[in-house]
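A closer look at the structure
Chain residues, written in single-letter form:
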Amino acid sequence: MKTTAILAIAATLSATAIFAAEPEGCAEVRLAEPGWNDLALTTGVAAVTLDALGYRAQSNLLGLEVIYQSLKENQLDAFLGYWDPAMQTYAAPYEADGSVERIGVNLEGAKYTFAVPAYVAEAGVRDFRDLARFAESFDRKMYGIEPGSNQLMFDVLADTAFGLEGWEVVESSETAMLTEVQRKVDDKAFVVFQAWAPHPMNTVFDLVYLTGGDAHYGPDFGAATVSTQVRKGYLEECPNVGRFLNNLVFSVAFENEGMAYLINEGMAPKEAGAKILKDHPEVLDAWLDGVTTYDGQAGLPAVRAALGL
């Protein structure tokens, strides 16, 4: 009986060691985000948690096309920001050839389409097809974010159904776009721009999302989910990180609150990530279920200790 018990314990310890002992190549986790505040926050939250687990999380600021090519070429490990359906054009070829794998949804309740200030909507702009009638008021411009992230805007301009020939997509960055929107709002000028939720812009501005963009953004104002993607084979190579990434699920309210630290208080992504985790430590219970530290210790107490909780 003693021999059987010892063998059982040894087998359990061996299984635990196998689970915890990821290859040395897993010690560094290479993440990416395209400069959007929602993804800067979620990537920062993930990086802070991975650092607390004993990994070295590295975050890279890249355009969408570069992100997917880098995942394919094994230069990145994970991307937390696949907006479906808005990013289908970018991701479809990589998911089709198997070089990028989708883990699952990390956010529900998102949306992504054109918006205008409420006073512009009251003047008669409530649908994509209304834009052409007010072309002069808009100076034939619509405002987007980083170059490489506005393809849907260009697709709308190319769609003859909307009569937007001669319009320009002004590309800059999320911050620059919202600064321009604020200027327009201050002057009560017409402006149409790329908008989405979660984002504090929804509380900072009295804005109205436009109908009529279903063919490009999807129904219900571009109703979207956000998913986590990894490079091919990553889950098998680094199962502990994979388990964490699979557990990582956010809410719109959580992201709105965290993004405010980035936008209003000027915090860096990891700083904002640590702050929101200290404000809401309860999320760690589900995120770290079955997750160990890099060296095989219990994950939850290690992260709580690292964050001073």
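One can find the structure itself at the top, above this paragraph.
This one's a predicted model, so the numbers in the text were calculated from it and none came from an experiment. (Residues numbered from 1 in each chain as written. Predicted model: local features only at pLDDT ≥ 70, side-chain atom pairs only at ≥ 80, totals over all residues. Heavy atoms only, no water.)

**Focus: the state of the cysteines**
For the structure on display, the rule yields one disulfide. Paired through a disulfide, C26 and C238 show a sulfur-sulfur distance of 2.0 Å. What sets the handedness of the C26 and C238 disulfide is the S-S torsion sign, and at about -85° it is left-handed. Of the two residues, C26 is situated in the loop between α1 (2-20) and β1 (28-33) and C238 in the loop between α12 (234-237) and α13 (239-247); the sequence distance between them amounts to 212 residues. For the pair C26 and C238, a shared accessibility class is recorded, and that class is buried. (Disulfide = S-S within 2.5 Å. Helix = DSSP H or I, 4+ residues; strand = E, 2+ residues; numbered from the N terminus. Buried < 20%, exposed > 50% of the residue type's maximum accessible area, 1.4 Å probe, protein only.)

**Observations concerning the packing of helix α14 (residues 252-263) against helix α15 (residues 269-279)**
Taken N-terminus to C-terminus, the directions of α14 and α15 make an angle of 135°; their axes are 9 Å apart at the nearest point. Judged by the inter-axis angle, α14 sits oblique to α15. Here the hand of the crossing between α14 and α15 comes out right-handed. Contact residues: α14 offers F254, E257, G258, Y261 and L262, while α15 offers P269, A272, K275, I276 and D279. (Axes fitted to C-alpha atoms, helices over the stretch in contact; angles between N-to-C directions. Parallel < 35°, antiparallel > 145°, perpendicular 65-115°, else oblique. Left-handed = near helix turned anticlockwise from the far one by under 90°. Contact = heavy atoms within 4.5 Å.)

**Quick look at the side chain of D77**
Tracing the backbone shows D77 in the loop between α3 (64-72) and β3 (78-84). Judged by relative accessible area, D77 falls into the buried class, the value being 2%. Here R30 takes part through its backbone nitrogen, which lies 2.8 Å from a polar atom of the side chain of D77. For D77, the side chain forms a polar contact with the side chain of R231, separated by 2.8 Å. Setting aside chain neighbours within four positions, we find D77 in contact with E28, V29, R30, L71, Q229, V230, R231 and Y234. (Polar contact = N/O pair within 3.5 Å; in protein donor to acceptor, adjacent residues only side chain to side chain.)

**Brief notes about the nonpolar core**
Grouped together as the largest cluster of nonpolar side chains are 104 residues, with contacts concentrated most on W83 and W287. With nine residues, helix α2 (residues 37-52) is the single largest residue contributor to this core. In this view, W287 contacts V45, F244, N247, L248, V249, F250, F254 and L277; residues no more than four positions away in its chain are not counted. (Core = buried A, V, L, I, M, F, W, Y, C linked by side-chain atoms within 4.5 Å.)

**What about the packing of α3 against helix α4 (residues 88-96)?**
Relative placement of two packed helices is described by the angle separating their axes and the distance separating the axes. Running from N to C, α3 and α4 cross one another at 10°; their axes reach a closest spacing of 10 Å. Accordingly, the angle class assigned to the pair α3 and α4 is roughly parallel. On α4, the residues that touch L64, E65, Y68, Q69 and K72 of α3 are Y90, A91 and Y94. For the contact of α3 with α4, the class distribution of residues is five nonpolar, one polar and two charged. (Nonpolar A, V, L, I, M, F, W, Y, C, P; charged D, E, K, R; others polar.)

**A word on the pairing of β1**
For β1, the tally of buried residues reaches five of six residues, placing the bulk of the element in the interior. Sheet topology places β1 next to strand β2 (residues 56-61); six bridges connect them, and they run parallel. Across the sheet, V29 pairs through a bridge with A57, a residue of β2. Between the parallel elements β1 and β2, the chain passes through α2 in a crossover that is right-handed. (Pairing = 2+ DSSP bridges. Right-handed = clockwise from strand over helix to strand, strands pointing away.)

**A closer look at the side chain of D127**
Relative to the assigned elements, D127 resides in the loop between α5 (118-122) and α6 (135-138). It is R129 that comes nearest to the buried, bridge-free D127 among opposite-charge side chains, at 4.3 Å. Of the polar contacts made by the side chain of D127, one reaches the backbone nitrogen of R129; its length is 2.9 Å. Non-local contacts of D127, meaning those with residues more than four positions away in its chain, are made with L210, T211 and G212. (Lys, Arg positive; Asp, Glu negative; His and termini not counted. Salt bridge = Lys/Arg side-chain N within 4 Å of Asp/Glu carboxyl O.)

**Some details on unusual backbone geometry**
Geometrically, the link from D84 to P85 is a cis peptide bond, its omega value of 15° lying close to zero. With respect to the helices and strands, the residue P85 is situated in the loop between β3 and α4. One non-glycine residue, K188, lies in positive phi territory at about 55°. The topology assignment puts K188 in the loop between α8 (174-186) and β7 (193-197). With a relative accessible area of 56%, K188 lands in the exposed category. Phi at F221 is positive, roughly 60°, even though this residue is not glycine. Following the sequence through the fold, F221 ends up in helix α11 (residues 219-222). Taking relative accessible area as the criterion, F221 reaches 34% and is therefore assigned partly exposed.

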